[in-house]
Amino acid sequence: RRGVMEEAAAEGPREEDEGARCPQAGEPLPEEKEEEEEEEEVLHLAKRRRVLCSEFAAITSSDAEVACSFLAGNDWHMQRALNAYFEAPLEKEEAEEEAAAAAGGVPPACAGPGTCIDLTADATTSNANVNSTDSRQQEDDSSFSLITWNIDGMDLGNLKERARGICSYLALYSPDVVFLQEVVPPHLCLLQVGAGSYTIIPGNIDGYFTAIMLKKPRVKLLKHEIIPFPTTSMMRNLLVVYVSISGNELCLMTSHLESTRNHSKERMKQLQIVLNKMQKESESNTVIFGGDTNLRDSEVTKLGNLPNNITDIWEFLGKPQHCRYTWDTHSNTNLNAEYKCKMRFDRIYFRPAADGGHIIPRSMDLIGLEKLDCGRFPSDHWGLLCNFDVIL
């Protein structure tokens, strides 16, 4: 195109006005060109809005009519429309709870589409007791908690209900740090709305990825980085954040190591990158890695086991059997798998600070063991909840 323009400049000015007034046979008039461009723009806009409606419907598990209504009412802005969709049922629910409390009754259980899944409805303690416990926990600097969970974003079935179930667990346990794997873009939207008390750092924004959530204001984000796995065929990487909790600086890491038995060699290479990074961190920092490792014990053995200064927290706690298997097709029916398999895929590794003793693992439990109202579990993995003592 540039050569044509240079030739035109060399030939000197042309009678453009005359040419515009007398188009050659078959050429459209300027007015017709404008009309064509306007029609093309209208078609493009309509297509874009159909795509937005499809995306909204997929995220919210609603139909096209509901999607178009919320989007049109929010100037076709996706985030505003999602906020309006999810906040409206929550406001209604809060009003119902206030009315029930005023009447001395029990708040109704939330079950319908577009409503919050309440996993604490059958609790025996009063709301006042729960609130006072949460308040004491937030003020207590002598401990902190962490959840790691593969939330199975690749399974689009009941995506909204399962994501809301995960948010309910976060509200129930109020962990200071959350490691998530298999997050998909719709999850980010849902988490931003349903877990607004957290800072969310994603490991990517395309496909599926990891994310780290930090409880505000207690956990202060200092910086973060993403370390690629150079030979992955599954878009995997290592997400690293540096934080301060109760005056202690920590390096927190999560990853979703290469999946399936056939990719053992790549998975072990990725584990070695993780362990090298943990060891290279400043000795003044406590380092915690957690995630869906897909590891078999034999693979760790082939690497020569963990370095002396890095501990598998499940082993450190005495290998408690109640939280051994995090992927269990015997008990978890989300996959409807014909085969039955139990694996300890999800693990948490710990490297203490060199001066020692500031942060000590105290307990570990499985979460996500209850089916939601949709008849499925939040994920095909159980989550791991780990509590730590902070020595002040």
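In this report, we go over the structure that sits alongside the text. Residue indices follow the written sequence of each chain, beginning from 1 at its first position. A pLDDT threshold of at least 70 governs which residues receive local features in this predicted model, and a stricter bar of 80 or more applies before side-chain atom pairs are shown or counted, although totals over entire chains, interfaces and linings include all residues. In computing side-chain properties, one takes all heavy atoms of the structure into account and sets aside hydrogens as well as water.

Attention shifts here to the pairing of strand E7 (residues 248-256). Only protein chains enter the accessibility calculation, which uses a 1.4 Å probe; a residue whose area is less than 20% of its type maximum is buried, one above 50% is exposed, and one in between is partly exposed. A run of H or I in DSSP becomes a helix once it reaches four residues, and a run of E becomes a strand once it reaches two; helices and strands are each numbered from the N terminus. Across the nine residues that make up E7, a large majority, eight, are buried. The criterion for strand pairing is that DSSP finds at least two bridges linking the strands in question. Of the strand pairs in this sheet, strand E6 (residues 237-245) and E7 are connected by eight bridges, and their pairing is antiparallel. Following the sheet pairing, Val-243 is matched in E7 by Leu-250. In this antiparallel pair of consecutive strands, E6 and E7, the connection spans two residues, and Ser-246 shows a positive phi of 50 degrees. Pairing geometry for E7 and strand E8 (residues 286-292), over seven bridges, is parallel. Following the sheet pairing, Thr-254 is matched in E8 by Gly-290. Traced from E7 through helix H9 (residues 264-280) to E8, the parallel crossover comes out right-handed. Place the viewer so that the strands point away; then a crossover is right-handed whenever the path from the first strand over the helix to the second strand goes clockwise.

With that settled, consider the packing of aromatic side chains. For this analysis, a ring pair means two rings from Phe, Tyr or Trp (six-membered ring only for Trp) whose centres lie within 6.5 Å, classed as stacked if their planes differ by under 30 degrees, edge-to-face if by over 60, and tilted for the remaining angles. Counted by the stated rule, this structure contains eight aromatic pairs. Where Tyr-169 meets Tyr-173, the ring centres are 6.3 Å apart and the plane angle is 10 degrees; that geometry is what we call stacked. Linking Tyr-169 with Tyr-173, this pair stays in helix H7 (residues 159-173), spanning four residues, or about one helical turn. Aromatic side chains Phe-377 and Trp-382 sit 5.1 Å apart centroid to centroid with 80 degrees between the ring planes, which places their arrangement in the edge-to-face category. Residue class for Phe-377 comes out buried when judged on its relative accessible area of 5%. Accessibility expressed as a relative area gives 5% for Trp-382, which makes it buried. Taken together, the ring pairs in this structure connect Phe-144, Phe-350 and Phe-388 into an aromatic cluster. Counted as over-ring charges are cases with an Arg CZ or a Lys NZ within 6 Å of the ring centre that also lie within 35 degrees of the ring normal. Seen from the ring of Tyr-242, Lys-223 lies directly overhead, with NZ or CZ sitting 4.9 Å from the centre.

Glancing now at the side chain of Arg-296. On the secondary structure map, Arg-296 appears in the loop between E8 and helix H10 (297-302). In this tally Asp and Glu are treated as negative and Lys and Arg as positive; neither His nor the chain ends contributes. Salt bridges are defined as contacts in which a side-chain nitrogen from Lys or Arg sits within 4 Å of a carboxyl oxygen from Asp or Glu. Of the side chains with opposite charge, Glu-299 comes closest to the buried, unpaired Arg-296, at an N-O distance of 4.8 Å. Polar contacts here mean pairs of N or O atoms no more than 3.5 Å apart (in protein, one a potential hydrogen donor and the other a potential acceptor; neighbouring residues in sequence count only if both atoms are side-chain atoms). There is a polar contact of 2.8 Å between the side chain of Arg-296 and the backbone oxygen of Asn-294. Here, residues are in contact when the closest pair of their heavy atoms is within 4.5 Å. Not counting residues within four places of it along the chain, the set of residues in contact with Arg-296 comprises Thr-260, Arg-261, Arg-267, Met-343, Phe-345 and Arg-347.

Turning our eyes to something else, we now look at the sheet that holds strand E9 (residues 311-312). Note: strands within a sheet are paired through backbone hydrogen bonds, in either parallel or antiparallel orientation. The six strands are arranged E5-E6-E7-E8-E12-E9 in an open sheet whose pairing can be described as mixed. Edge positions in the sheet fall to strand E5 (220-228) and E9, since each of these pairs with one other strand and no more. Pairing of E5 with E6 involves eight bridges; the strand directions are antiparallel. By the bridge assignment for E6, Ile-226 is matched with Leu-239. Every axis corresponds to a line fitted to the C-alpha atoms, with the helix fit spanning only the stretch in contact, and the corresponding angles, defined between N-to-C directions, vary from 0 to 180 degrees. Along the sheet, H9 makes contact with E5, E6, E7, E8 and strand E12 (346-351), crossing E12 at roughly 25 degrees.

Let us look at the environment of Arg-164. One can find Arg-164 in helix H7. Given the relative accessible area of 10%, Arg-164 is considered buried. The sequence separation of Arg-164 and Leu-190 amounts to 26 residues, and the corresponding C-alpha distance is 7.6 Å.

Quick look at the environment of Cys-53 now. Looking at where Cys-53 falls in the secondary structure, it is placed in helix H3 (residues 30-60). Cys-53 sits 13 residues away from Val-66 along the chain, and the two C-alpha atoms are 8.7 Å apart. Residue contacts for Cys-53: discarding those within four places in its chain leaves Ala-67, Cys-68, Leu-71 and Trp-76.

Moving on, we come to the pattern of salt bridges. Counted under the stated rule, the structure contains 12 salt bridges. One salt bridge connects Arg-344 with Asp-297, and the closest N-O pair in it is separated by 3.9 Å. Of this pair, Arg-344 sits in the loop between strand E11 (342-343) and E12 while Asp-297 sits in helix H10, and the two are 47 residues apart along the sequence. Taking the relative accessible area as the measure of exposure, Asp-297 reaches 44% and is therefore partly exposed.

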